[in-house]
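Listed here are the chains, written in short residue letters.
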Amino acid sequence: MKKLFVILCCLLLIITIVPKTISLDDTANNIIYVDDDNVDGPWDGSLEHPYRFIQEAIDNANDGNTIYVFNGVYNKRIVIDKSVYLIGENKNKTIVTGSKTQMRVIQIEVSNVSISNFSLIDSNPTAFAQAIYASKNDYCIKNVKISNCVIRDNGKGIYLVNVENITISGCDIYNQTSFSIWIQGLVNDICVDNCLIYNNGKDIGDGWIYPGSINIYGGDRNWCSNITISNCSFNDILGENIEISRGKNIKLASNTIWGINALYSGMYLGTVVNVEITSNNIYQNHMGIYCLGYNKFSIDSLLMIGNDIAKNDIGLSIWKNNNVNIYENNISTNSYYNIEFIESSGIIFKNNINESDYGVFLRDSDNVSILNNLISDSFIGIPVHYSKNISIVDNFINNSSIEGIFVLNSSNNNISGNLVPNNFRGISISGSNNNNIFENTIDSNEVSGIYLENSISNEIFHNLILNNCYGIELKNSSNNLIIQNNFFRNMRNAYFSDSFNLYWGENYWGRSRLLPKIIFGKILYDYEGIFGERVLPIPFINIDWNPAKEPYNLYQLG
């Protein structure tokens, strides 16, 4: 009965792990058994006379054999130099140990290997030892599957060099001194799925660490490609949790990442192309996701959709990226920046962006569209610095303690269709020229609905401006166009200081008017007084010669 049960178990395991190129008939009749309880022999690998040691079974195996290992503790290093399927009876009870002395628990030297249902433990605890090592000089090892294993208390967990078509699934990887998984060199077609990865890495003092991350690193000439990390859970990892550099065609999906102490990133991507980051939950890191190119636009085609990124110092930091698409994410309660966008281009669309110092921060970026986002409870909802050709369209920007939208030293931008209520200032433009502000609803801001300072040649039209202290306020801002706006119930609809050549035309000023509308302001005249340099405010007026008799039917009015 025991023999029949074991054979049935082997057949079931073989069905799940054997590649399609090898049939069940080839493997089911070539099962080699190992049992450490068979101390006295004989040993021939049969079910009645199993080998005592796993290495002995491998040495006597042929390519395509299945080696079934009964529960026990096996304390000799294993070198796999045959294409075999190594199956343990129970992942918690079939233990292969390095006894804290071996540099490698298992070393793989050939392609077409499968390892499942083992605990691989206690290699030499230094960062240079490994539970599983796969490399063979310049030979590329292919078609390796590591599944349903416990990998704990080693230097590194899994260390692979020059590999293709590798699957690591259903593994628990924890208590490593260094990397949980390290893959480098010529690397293609890597899948890490449904793994529990925690408590890896070591602080070695003086600000230095051994990182415990998954690290996948392509070569200078041959980037890593076709990388998938999905459905994994990360917790208490010292260093970055996932780090991928010089890679293309990358998918990071449905992972949960809890940072250890907000010093590192949940995900770090350096110089990558064609990346999809979807449905991840990333909390309590320094940066939730950090994408860094080493020159402008060295990261291209980055899609982020449906992620929950919260309680980090910085939620999402994008540096030197091209064609970034950030869709329908919840990026909230990050301390400093929910989204930081530096020297990059792309689309930020339909995200929930709440509770941070800065909602969406752009600097030195061109051709960015910020569309249909909910942005609230920030110091500044959308700060735009030193950027051009930015479209800020159809967003709800609420409860900013300083500005809803703040444009600094940036030109040729469009701000339209936004609902901007309950901020200190609604839209603030400083040192910026040739921007268009139109079709926004700017409501109940504490000081100014729209504020311009040191800015020229901007056009402000078709806005609904209501319930603010100042509807529009201009300071040292000349040659601006303010036409066909609706002003309602502001304490003061418009005011200007040291601003010349303003054109006011056809605005609705809260009631029907037959006469031109006079806009009061002042000019500050500097002069030398008895007690030194003084400033004399001189009243001044502008005139809207043809004010609208009825409010405009702007689309915000329904």
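Values in this document were obtained by computation on a predicted structure and should not be read as measured data.

Rules used in this analysis
Residues numbered from 1 in each chain as written. Predicted model: local features only at pLDDT ≥ 70, side-chain atom pairs only at ≥ 80, totals over all residues. Heavy atoms only, no water. Helix = DSSP H or I, 4+ residues; strand = E, 2+ residues; numbered from the N terminus. Rg over C-alpha atoms; globule rule 2.2 N^0.38 Å. Contact = heavy atoms within 4.5 Å. Areas by Shrake-Rupley, 256 points an atom, 1.4 Å probe, with all protein chains shown as cover. Lys, Arg positive; Asp, Glu negative; His and termini not counted. Charge placed at Lys NZ, Arg CZ, Asp CG, Glu CD. Buried < 20%, exposed > 50% of the residue type's maximum accessible area, 1.4 Å probe, protein only. Salt bridge = Lys/Arg side-chain N within 4 Å of Asp/Glu carboxyl O. Disulfide = S-S within 2.5 Å. Phe/Tyr/Trp six-rings, centres within 6.5 Å; stacked < 30°, edge-to-face > 60°. Patch = residues over 30% accessible without salt bridge, like charges linked within 9 Å, V, L, I, M, F, W, Y side chains within 5 Å. Core = buried A, V, L, I, M, F, W, Y, C linked by side-chain atoms within 4.5 Å. Pairing = 2+ DSSP bridges.

So what exactly am I meant to see when it comes to the overall build of the protein here?
Scanning the protein from terminus to terminus reveals 3 helices and 54 strands. Computed over the C-alpha atoms, the radius of gyration of the protein is 33 Å, more than 25% above the 24 Å expected from 2.2 N^0.38 for a compact globule of 558 residues. For the protein, long-range pairs separated by at least 24 residues make up 45% of all intrachain contacts whose partners lie at least 6 apart in sequence. Accessible surface computed for the protein: about 22900 Å², of which carbon and sulfur atoms make up 50%. Charge centroids of the protein, computed over 37 positive and 54 negative side chains, lie 1 Å from each other.

How should unusual backbone geometry be read in this particular structure?
Glycine aside, negative phi is the norm for most residues, and most peptide bonds take the trans geometry. With an omega dihedral of 0°, the bond running from Gly41 to Pro42 counts as a cis peptide bond. Here Pro42 lies in the loop between strand E1 (31-34) and helix H3 (54-59). With phi around 60°, Asp153 is a residue other than glycine that occupies positive phi space. As for its placement among the helices and strands, Asp153 is situated in the loop between strand E12 (150-152) and strand E13 (156-169). Given the relative accessible area of 23%, Asp153 is considered partly exposed. A positive phi is found at Asn249, a non-glycine position, where the angle reads about 55°. Mapped onto the elements of the fold, Asn249 is located in strand E22 (residues 242-253).

For this particular structure, what's the right way to read the side chain of Ser428?
Position of Ser428 relative to the elements: it lies in strand E42 (residues 425-430). Not counting the four nearest positions on each side in its chain, Ser428 is found in contact with Glu403, Ile405, Phe406, Val407 and Tyr451.

Any chance you could explain the pattern of salt bridges here in plain terms?
Applying the stated criterion across every chain, the model contains 7 salt bridges. Note that Lys142 and Glu164 form a salt bridge whose closest N and O atoms lie 3.9 Å from each other. Pair noted here: Lys142 is in strand E11 (residues 141-147) and Glu164 is in strand E13, with a separation of 22 residues, a long-range link. The exposure class of Lys142 is partly exposed, given its relative accessible area of 37%. Between Arg152 and Asp153 there is a salt bridge whose closest N-O contact spans 2.7 Å.

What is the right way to read the state of the cysteines from this model?
Put plainly, two cysteines are in a disulfide when a covalent bond ties their sulfur atoms together. This structure, assessed with the given rule, holds 0 disulfides. Just so you know, Cys171 is unpaired, no disulfide at all, and the nearest cysteine sulfur is the one on Cys195, 4.8 Å from it. Note on Cys171: relative accessible area 0%, which makes it buried.

Looking at this model, I keep getting lost on the environment of Lys76. Mind explaining?
Examined against the element boundaries, Lys76 turns out to sit in the loop between strand E3 (72-74) and strand E4 (78-80). Accessibility expressed as a relative area gives 49% for Lys76, which makes it partly exposed.

Hey, could you run me through the packing of aromatic side chains in this one?
What describes a pair of aromatic rings is the distance from one ring centre to the other and the angle between the planes of the rings. Taken as a whole and judged by the stated rule, the model has 20 aromatic pairs. Aromatic pair Tyr327 and Phe349: ring centres 5.7 Å apart, planes at 80°, arrangement edge-to-face. Of this pair, Tyr327 sits in strand E30 (residues 321-327) while Phe349 is found in strand E33 (residues 346-349), placing the two residues 22 residues apart along the sequence. Here Tyr327 falls in the partly exposed class, since its relative accessible area comes to 25%. What makes Phe349 partly exposed here is its relative accessible area of 25%. Measuring from ring centre to ring centre gives 6.4 Å for Phe496 and Phe540, while their planes differ by 85°; the resulting arrangement is edge-to-face. With Phe496 in strand E51 (residues 492-497) and Phe540 in strand E54 (residues 532-544), this pair connects stretches of sequence that are 44 residues apart.

Help me understand a nonpolar patch on the surface, please; the structure alone is not making it clear to me.
A cluster of nonpolar side chains, namely Ile518, Phe520 and Ile541, defines an oily patch on the protein surface of about 260 Å² accessible area. Positionally, Phe520 belongs in strand E53 (residues 517-529). With relative accessibility at 46%, the residue Phe520 sits in the partly exposed group.

What am I meant to see in the nonpolar core here?
Generally speaking, a soluble globular protein has its nonpolar side chains buried in company with each other. If you look at the biggest cluster of nonpolar residues, it comprises 109 residues, and the most contacted ones within it are Ile54, Ile67, Ile80, Ile108, Ile229 and Ile244. Among the nonpolar cores identified, the runner-up in size contains 8 residues, and Tyr268, Tyr290, Ile314 and Ile342 belong to it.

So what exactly am I meant to see when it comes to the pairing of strand E8 (residues 113-116) here?
Along a regular strand, successive side chains alternate from one face of the sheet to the other. Residues of E8 alternate between two faces, with Val113 and Ile115 on one and Ser114 and Ser116 on the opposite face, all of them buried. With 3 bridges joining them, strand E5 (residues 85-88) and E8 adopt parallel strand pairing. For Leu86, the partnering residue across the bridge sits in E8 and is Ile115. Alignment of E8 against E11, held across 4 bridges, turns out to be parallel. Following the sheet pairing, Ser116 is matched in E11 by Ser147.

Is there a simple way to explain the environment of Gly471 in this structure?
By secondary structure assignment, the location of Gly471 is in strand E48 (residues 470-475). Through-space distance from the C-alpha of Gly471 to that of Ile543 is 16 Å; in sequence the pair is 72 residues apart. Beyond its immediate stretch of four places on either side in the chain, Gly471 contacts Gly449, Ile450, Ile465, Phe487, Asn490, Arg492 and Asn493.

Looking at this structure, how should I read the pairing of strand E45 (residues 448-453)?
Of all 6 residues in E45, 5 are buried; the element is thus mostly enclosed. As judged from the 5 bridges shared by E42 and E45, these two strands associate in the parallel manner. Residue pairing in the sheet places Ile427 in a bridge with Ile450 of E45. Note that E45 and E48 share 5 bridges and pair parallel. Each residue of the ladder has a partner; that of Tyr451, found in E48, is Glu473.

Please clarify how the environment of Glu403 should be interpreted in this entry.
Here Glu403 shows up in strand E39 (residues 403-408). Taking C-alpha positions, Glu403 is 31 Å from Gly259, a pair spaced 144 residues apart along the chain. Other than its neighbours up to four places away in sequence, Glu403 contacts Phe379, Ile380, Gly381, Arg425, Gly426 and Ser428.

Any functional reading would require information that these geometric values do not contain.
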